[in-house]
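Observations on chain architecture
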Amino acid sequence: MSNTKTLDLGCGPNLKNPFNANELYGVDVRNLGPNIVSADLVIEPIPFESGMFDFVTAFDFIEHVPRLLYAPQRRNCFVELMNEIWRVLKVGGQFLSLTPAYPHASTFRDPTHVNFITEETFPLYFDDKHRWADMYGFTGAFEIIEQQWHGPHLLSRMRKVELA
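Model, not experiment: these values are computed from the prediction.

1. Quick look at the side chain of Thr-99
- Among the secondary structure elements, Thr-99 is positioned in strand 7 (residues 89-100).
- For Thr-99, a relative accessible area of 1% puts it in the buried group.
- If sequence neighbours within four positions are ignored, Thr-99 has contacts with Ile-62, Glu-63, Ile-117, Pro-152, His-153 and Leu-154.

Next comes the structure, spelled out in structure tokens:
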């Protein structure tokens, strides 16, 4: 079996490894232990090399990344994060997101939830067919593998594809 690497975004002190990768890394706003790097992904890039990971996960994280920020110039933070996820994944690598999603109340209840995800967000804006986020600066593409509901959470699993 080959050596696989997972990057868990917004990991907190406990790295998640749903793909059973051999090596685990994390990014959080605080340095919380070995293999966890401190970075604010709202305004900073993912601090790892391009094409380094087989898997990237984001559990209860992307709803905290604003879609738009003026700092002082206009930035599309969520689109920038999706570019970074695409960048650090190997071609064929997978991104797994689990986030509270519309229309469930938990999407809006927490005042730090500033990015509302729907069933159409990834398949229309970040997929390899529509790529509507291209108009906001998205430079990658993902094949949508699956989306399914887990209570109020939407699980989205995507595969990095190269652009033609």
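Alright, that's what it looks like, and here's the rest.
2. A look at the sheet that holds strand 7
- Spatial strand order, 3-2-1-4-7-9-8: seven strands in an open sheet with mixed pairing. Only two strands of the sheet have a single neighbouring strand rather than two, namely strand 3 (36-38) and strand 8 (142-150). Within the sheet, the average angular offset between the axes of one strand and its neighbour, ignoring direction, is 15°.
- Packing against the sheet, helix 1 (residues 77-88) makes contact with strand 1 (5-9), strand 4 (53-59), strand 7, strand 8 and strand 9 (153-160), and its axis sits at approximately 140° to strand 7.

3. Comments concerning the environment of Arg-87
- For Arg-87, the position within the fold is in helix 1.
- The exposure class of Arg-87 is partly exposed, given its relative accessible area of 23%.
- Look past the residues within four positions of Arg-87 in its chain and what remains in contact with it is Ile-46, Phe-48, Glu-49, Ser-50, Gly-51 and Lys-160.
- In terms of polar contacts, Arg-87 uses its side chain to reach the side chain of Ser-50, at 3.1 Å.

4. Digging into a nonpolar patch on the surface
- Side chains of Tyr-102, Phe-108 and Phe-116 sit close together on the surface and give an oily, nonpolar patch of about 310 Å² of accessible area.
- Assignment of secondary structure puts Phe-116 in the loop between helix 2 (106-109) and helix 3 (121-125).
- According to the relative accessible area criterion, Phe-116 is partly exposed, its value standing at 34%.

Definitions and cut-offs
Residues numbered from 1 in each chain as written. Predicted model: local features only at pLDDT ≥ 70, side-chain atom pairs only at ≥ 80, totals over all residues. Heavy atoms only, no water. Helix = DSSP H or I, 4+ residues; strand = E, 2+ residues; numbered from the N terminus. Buried < 20%, exposed > 50% of the residue type's maximum accessible area, 1.4 Å probe, protein only. Contact = heavy atoms within 4.5 Å. Pairing = 2+ DSSP bridges. Axes fitted to C-alpha atoms, helices over the stretch in contact; angles between N-to-C directions. Polar contact = N/O pair within 3.5 Å; in protein donor to acceptor, adjacent residues only side chain to side chain. Patch = residues over 30% accessible without salt bridge, like charges linked within 9 Å, V, L, I, M, F, W, Y side chains within 5 Å. Areas by Shrake-Rupley, 256 points an atom, 1.4 Å probe, with all protein chains shown as cover. Salt bridge = Lys/Arg side-chain N within 4 Å of Asp/Glu carboxyl O.

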